[in-house]
Amino acid sequence: MPFHYYSSDVHLRYDAGRGLTPAATGDLMRWIVGHASAPVDLVVDLGAGTGRFTGALCDAFQAAVVGVDPAASMRAASEARSYPGFVRFVDGSAERIPLDDASADLVFLSQVVHHLADPGVALDEIRRVLRPGGTLCVRQSTRENLDSYVYQRCFSE
């Protein structure tokens, strides 16, 4: 039987399986801040999932963050957290970002690329919502480092 990500209860276990230490999250945020075009007033956490990076992005940039995710269960888990500053979550996907043209200063995707139904359309949407000179930050596993994830050995396909 195929796995139905959006109707599953994966949101209940998601953070436990993908957690980073506070130090690792801090290192990631410092790296992103150091490479982002300034100023950053609006961050899009695209594929926000349970919001595990949303608060860190808000805190790191002292900016508003919009978390976009198509899964209602993930958005509900995100909304149950408390965040510093201005954070909101909306229904959408990388192929359909519910924001105005040139409204975002930074778009952040973490472990989202493999979920994209149409990467070309997603990149067009990201380009549409990013302001000129804005920053795209993609955090993703690559084929070169997949063998370092022990669970991958059980799911080689």
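Here the structure is a predicted model, which means the values were calculated and not measured.

Thoughts on the pattern of salt bridges
Phase 1: This structure, assessed with the given rule, holds seven salt bridges.
Phase 2: Between Arg128 and Asp101 there is a salt bridge, and its shortest N-O distance comes to 2.7 Å. Placement of Arg128 in helix α5 (residues 119–129) and of Asp101 in the loop between β3 (87–91) and β4 (104–110) is noted, with a sequence separation of 27 residues between them.
Phase 3: A residue is classified by how much of its surface remains accessible, and Arg128, at 26% relative accessible area, is partly exposed.
Phase 4: For Arg131, the salt bridge goes to Asp105, with nearest N and O atoms at 2.5 Å. Remark: Asp105 occurs in strand β4 and Arg131 occurs in strand β5 (residues 130–139); sequence separation between them is 26 residues. With respect to burial, Arg131 and Asp105 carry one shared label: buried.
Phase 5: Here the salt bridges do not stand alone but share partners, grouping Arg75, Asp91 and Arg96 into one network.

Focus on the environment of Ala56
Phase 1: By secondary structure assignment, the location of Ala56 is in helix α3 (residues 54–61).
Phase 2: Once residues lying within four places of it in the same chain are set aside, the contact partners of Ala56 are Thr25 and Met29.

Details of helix α2 (residues 22–35)
Phase 1: Between its terminal C-alpha atoms α2 stretches 20 Å, which fits the 20 Å expected from 14 residues at 1.5 Å a residue.
Phase 2: Thr25, Gly26, Leu28, Met29 and Ile32 are the residues of α2 that are buried. Take α2 and look down its axis: the buried residues cluster within an arc of 160°, on one side only. What points out from α2, more than 90 degrees from its buried face, is the exposed set Ala23, Arg30, Gly34 and His35.
Phase 3: Buried residues in α2 make contact with α3, β4 and β5.

Considering the confidence of the model for the chain
Phase 1: Taken over all residues, the pLDDT of the chain has a mean of 79, while the share at 70 or more is 73%.
Phase 2: Contacts from residues 10–14, a stretch scored under 50 in pLDDT, to residues over four places away or in other chains number 10 contacts.

Definitions and limits used
- Residues numbered from 1 in each chain as written.
- Predicted model: local features only at pLDDT ≥ 70, side-chain atom pairs only at ≥ 80, totals over all residues.
- Heavy atoms only, no water.
- Salt bridge = Lys/Arg side-chain N within 4 Å of Asp/Glu carboxyl O.
- Helix = DSSP H or I, 4+ residues; strand = E, 2+ residues; numbered from the N terminus.
- Buried < 20%, exposed > 50% of the residue type's maximum accessible area, 1.4 Å probe, protein only.
- Contact = heavy atoms within 4.5 Å.
- Expected span 1.5 Å × (residues − 1).
- Arc of directions from axis to C-beta.
- pLDDT = per-residue confidence, 0-100.

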